[in-house]
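# Reading the structure
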Amino acid sequence: MLKKEIVIDMSEVEIRAALLEDGKVVEFFFERFNEARLAGNVYKGTVENVLPGIQSAFVNIGLDKNAFLFIGDALLDEKGKGRIEDLFRPGEEIIVQVAKEPMGTKGARVTTKVALPGRYVVLMPGMDTMGLSHRISSAEERERLRKLVEKLKPAKTGIIVRTAAEGRTAEEIKEDIEALVRLWSRIVHKAEIIASPALLYEEASLVYTLVRDLMGEEIDSIWINSFFGYQKLRDFVGSIAPNLVNRVKWFESRGNIFAHFGLERELERALSRKVWLKSGGYLVFDRTEAMTVIDVNTGKFVGKKDLHETILKTNLEAAEEIARQVRLRDIGGIILIDFIDMGRKEHRKQVVKALEAALSRDRTRCTVIDMSELGLVEMTRKRVRKSLDSLLRESCGCCDGEGRVLSLETTAIGLLRKIEEICGHASSTVVGFTVGQELGAYLEGEARGVLENIEKLYGKKIVWKVDGSLSPRRYAIAGVGGEEIKERIERVG
């Protein structure tokens, strides 16, 4: 069985988390001070317009852009039929849930098929269905849970049994269902008394949703570097899985928790176009408007036997690493993999099976199409959140978008995290730094409150100034000390 660990880095500017399997990171998660997570939130919205031609509607839920509702995401009539123009009309108020975060120029994608996740089940009001997690492999346990939930399931309500329900008692599952039914009642009541557009239910913050969704017997430890966060997380785990409380561990070191677990290096690697394999082969990731293309190359690997064995070994290693990188980078949509050409049909089947086996550990739904004779594999992965690249980087303004650079926000958060680390370690009272024009504008605007919070939290005076000689997004730490730091900053420019 895989050894699984969660590592959580909490700071004033950002919460970062990572999921490790046998010591290798497979997923990253981020929650930033100025960016709310929307997926899972439930809103009362107003239908702005209905488009029969594409069987879709646009719904105002109070965001910058109207949300998109496709007919496939709408609850149909009692016969399971319906056209978008029959189900909704402009001006109508409806309850929707965000299924996909806004991405680029697209608004959020919403659904009227609300799904409320609990510890052991997911409740789906208005959908008279039942399903079980495919990760519950025992036929006997699947049958036990199916019979149990059929007795407990409220009328006209769907239930999906989560992996965590495996081995749980009837009473535990009953309590989970009843808690979710009460939650839905509160949401409906709030919708009756509040004006549209309005937020009816907000999904819990990153730390709690992550732990709720992943916490189980298979999680060996959860490391967190904030003592306050550690205490709250122990209380939370105690409420959902008391027997696992001792797996929550406080990272007492004053050092960087991500650096300690080797995650800073892996984060940089996950943004690289080229990824080296242990054998000497390598992968190349290229993103287009329509898809992500992954190219497999033998590189330095020449093998010890014949050419067929060399190619097979490289492709098998690549299949395992591709599955990890797809999770790590959170790549969604269509993915085209160009494996090295293999002349033997059995080798092609072997590589596809290896890819499918590695992808089976992914919590996001993936579908693999068979390999062509040219070595091409087409696969899809459900897109829910922004990819790691979209979250942390942006198109380069100096080359008309041909390249990718760290976004202004990512650069600013890196500086703020560094300032917070210095404040936490230094005994001096003043911390000073200089920044370029763009970074200065960001700190004066969006990040002003964060700097003030850091000052209050650590009892330090933070002084800084824009230095015209620095590149727009560069910064320089002037030092820590007393009044001499202020004077040094004042002399800049």
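To start, this report covers the structure provided alongside it. All values derive from a computational prediction rather than experimental measurement.

Conventions and cut-offs
Residues numbered from 1 in each chain as written. Predicted model: local features only at pLDDT ≥ 70, side-chain atom pairs only at ≥ 80, totals over all residues. Heavy atoms only, no water. Phe/Tyr/Trp six-rings, centres within 6.5 Å; stacked < 30°, edge-to-face > 60°. Helix = DSSP H or I, 4+ residues; strand = E, 2+ residues; numbered from the N terminus. Core = buried A, V, L, I, M, F, W, Y, C linked by side-chain atoms within 4.5 Å. Buried < 20%, exposed > 50% of the residue type's maximum accessible area, 1.4 Å probe, protein only. Contact = heavy atoms within 4.5 Å. Pairing = 2+ DSSP bridges. Axes fitted to C-alpha atoms, helices over the stretch in contact; angles between N-to-C directions. Right-handed = clockwise from strand over helix to strand, strands pointing away. Parallel < 35°, antiparallel > 145°, perpendicular 65-115°, else oblique. Nonpolar A, V, L, I, M, F, W, Y, C, P; charged D, E, K, R; others polar. Polar contact = N/O pair within 3.5 Å; in protein donor to acceptor, adjacent residues only side chain to side chain.

## Observations regarding the packing of aromatic side chains
- What the rule picks out here adds up to ten aromatic pairs.
- With 6.4 Å between their ring centres and 40° between their planes, Phe28 and Phe30 make a pair best called tilted.
- Pairing Phe227 with Trp250 gives two aromatic rings, centres 4.7 Å apart and planes at 55°, and the pair type is tilted. Within this pair, whereas Phe227 is found in helix α5 (residues 227-240), its partner Trp250 is found in strand β15 (residues 248-250), the two being separated by 23 residues in sequence.
- Chaining the aromatic ring pairs together yields one cluster made of Phe28, Phe30 and Phe258.

## Overview of the nonpolar core
- Within the largest apolar cluster, 28 residues are counted, with the highest numbers of intra-cluster contacts made by Leu283, Ile322, Ile337 and Phe339.
- Only β17 (282-287), β18 (291-297), α8 (307-329), β19 (333-338), α9 (345-359) and β21 (376-381) provide two or more residues apiece to this core.
- No other element matches α8, which puts seven residues into this core.
- Every residue in contact with Phe339, bar those within four places of it in the chain, is listed here: Val296, Asn315, Ala318, Ala319, Ile322, Val351, Met371, Leu374, Gly375 and Val377.
- Counting 24 residues, the second-largest nonpolar core is a separate cluster that includes Ile6, Ile8, Val207 and Val248.

## So, the sheet that holds β18
- Spatial strand order, β16-β17-β18-β19-β21-β20: six strands in an open sheet with mixed pairing. Edge positions in the sheet fall to β16 (274-276) and β20 (366-368), since each of these pairs with one other strand and no more. For this sheet, the mean inter-axis angle between neighbouring strands, taken without regard to orientation, is 20°.
- Sheet analysis places β19 next to β21, joined by six bridges and oriented antiparallel. Each bridged residue has a counterpart across the sheet, and for Ile334 the counterpart in β21 is Thr380.

## Quick look at the pairing of strand β12 (residues 157-161)
- Counting buried residues along β12, four of its five residues qualify, which places the element largely inside the surrounding structure.
- Here three bridges tie strand β11 (residues 130-132) to β12, and the two strands are oriented parallel to one another. Opposite Met130, over in β12, you have Ile159 as the bridge partner.
- A crossover connection joins β11 to the parallel β12 through helix α2 (residues 139-152); in handedness this β-α-β unit is left-handed.

## A short note on the packing of helix α11 (residues 408-425) against helix α13 (residues 448-458)
- Look at α11 against α13: their axes get within 10 Å of each other, and the N-to-C directions meet at 10°. If you check the angle between α11 and α13, you find them roughly parallel. Residues Leu416, Glu420, Cys423 and Gly424 of α11 touch α13, and the partners they reach there are Val450, Leu451, Ile454, Leu457 and Tyr458.
- Residues belonging to the contact of α11 with α13 are distributed by class as follows: seven nonpolar, one polar and one charged.

## Examining the environment of Ala36
- Along the polypeptide, Ala36 turns up in the loop between β3 (24-32) and β4 (42-51).
- Between the C-alpha atom of Ala36 and that of Leu283, which follows or precedes it by 247 residues, the distance is 33 Å.

## Overview of the environment of Asn60
- Within the secondary structure layout, Asn60 lies in strand β5 (residues 56-60).
- Classification of Asn60 by relative accessible area gives partly exposed; the value is 22%.
- A sequence separation of 232 residues divides Asn60 from Thr292, and the C-alpha atoms of the two residues are 31 Å apart.
- The residues contacting Asn60, other than those within four sequence positions of it, are Gly45, Thr46, Glu48, Asn66, Ser196 and Pro197.
- Within the structure, Asn60 has its side chain in polar contact with the backbone nitrogen of Gly62 (distance 2.9 Å).

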